[in-house]
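Structural characterization, general
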Amino acid sequence: MIQFNVPPYAGPEMEYLEKAAAVNHRISGDGEFTKKCRQFIEERTGTAACLLTTSGTSALEMASHLTRIERGEEVIMPSYTFCSTADAFVLRGAVPVFVDIRPDTMNIDEKLIEDAITDKTRGIAVVHYAGVSCEMDTITEIARRHGLFVVEDAAQAVMASYKGKPLGTIGDFGCYSFHETKNYSMGEGGALLIRDAGRVEDAEILREKGTNRSKFFRGQIDKYTWVDYGSSYLPSELNAAYLAAQFEVADRINKARLARWAQYYEELQPLADEGRIELPTVPAECQHNAHMFYIKAADLAERTKLISFLRENDILSVSHYIPLHTAPAGKKYCCFHGEDRFTTRESERLLRLPMFYSLTEEQVDYICDKVKEFYGKHACV
Ligand SMILES: *Cc1c(COP(=O)(O)O)cnc(C)c1O
């Protein structure tokens, strides 16, 4: 069986876990390995600060709290995303306002954002789907003109960039995920990237139960105290140790994924040329990270058949993201502005093929052959 996902494993993970526990005697947060991960992200991206978190969801939650968005205020985002993008703002009583996506990248359609702005709008939350950037120049310009914040849900976009700028560093806050399904993993984990140095202290307080403990650890104050509201968003050293091993070979992981992605693209190109399937679009200004490889079938019925055909041939492929505005919580807490031309229709066509670090060239060959076999059997009408 070819799994849909296998969590990345670089080699030294267990040795580092042991070092954290038996040598460093530090299994709570913010020890050697957390610092290593933080430094890696700060050096690679140039962000003012990166704080490791317990998940991508908690990074989004921190971003939402730090914007100080209030009950009844609005944040514009796509409906085609994971629920955490919306949850983070719903938890503060804010209202996610969905706009349609672009069918080419599955990202928020930047041309629809301005029309959704009201006197209650406070910000825009973009999602870089599949590690392919949203049209950030346009979005940043709209945000500047209307005085809105920008939060980047860059959960899928670690090591990807837009016009050379690392994703997660363009908006006020960037949110990474290191869940086991993401390119780099710590089991459950994430990171918050903070663009402006002036907001780092507030973020540290929020992450450390509302205390100024981070300042205390740096020796800047002689005792720490409860200074604001907060929660616990810092991950254990054990998780950070796992991630540190992968960051050491981050380029190797990225290269391997990009190679498999390019192979899929090349081998499936003939089917796309015949108009049987659609392949992903990566605009010229975007460097992606091969977070996923998807194809689009004609419609929901064809996709369902293709998923079962692949399963019969020992290949696990998946669909995902039921648009949030059609989900029970989405109906309760959110609203859709404008027309749903592409969100539902395109989400029903999209199919994700296996994509992970240890996926082999032979496996991708086999998967592409089976996809071609399926379309050979179901002749065009
Ligand atoms: C994975 C993901 C998240 C959530 O990350 P977790 O680490 O699982 O909390 C949020 N948004 C998007 C777009 C994701 O893909």
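Reference entry: report on the structure contained in this document. (Residues numbered from 1 in each chain as written. Predicted model: local features only at pLDDT ≥ 70, side-chain atom pairs only at ≥ 80, totals over all residues. Heavy atoms only, no water.)

Side note on helix α3 (residues 56-67)
With 12 residues, α3 should reach 16 Å at 1.5 Å per residue; the first-to-last C-alpha distance of 17 Å fits that figure. Across the 12 residues that make up α3, a large majority, 11, are buried. Every buried residue of α3 is accounted for by Gly-56, Ser-58, Ala-59, Leu-60, Glu-61, Met-62, Ala-63, Ser-64, His-65, Leu-66 and Thr-67. A distance of 3.3 Å separates the backbone nitrogen of Thr-57 from a side-chain oxygen at the start of α3, and that oxygen is part of Ser-55. (Helix = DSSP H or I, 4+ residues; strand = E, 2+ residues; numbered from the N terminus. Expected span 1.5 Å × (residues − 1). Buried < 20%, exposed > 50% of the residue type's maximum accessible area, 1.4 Å probe, protein only. Polar contact = N/O pair within 3.5 Å; in protein donor to acceptor, adjacent residues only side chain to side chain.)

Remarks on the pairing of strand β8 (residues 173-177)
Among the 5 residues of β8, 5 are classified as buried, and the element is accordingly described as predominantly covered. Side chains Phe-173, Cys-175 and Ser-177 of β8 all project onto a buried face; the interleaved residues Gly-174 and Tyr-176 project onto the opposite face, where all are buried too. Here 3 bridges tie strand β5 (residues 149-153) to β8, and the two strands are oriented parallel to one another. Residue pairing for β8: Asp-153 is matched across the bridge by Cys-175. Sheet analysis places β8 next to strand β9 (residues 190-194), joined by 5 bridges and oriented antiparallel. Each bridged residue has a counterpart across the sheet, and for Phe-173 the counterpart in β9 is Ile-194. (Pairing = 2+ DSSP bridges.)

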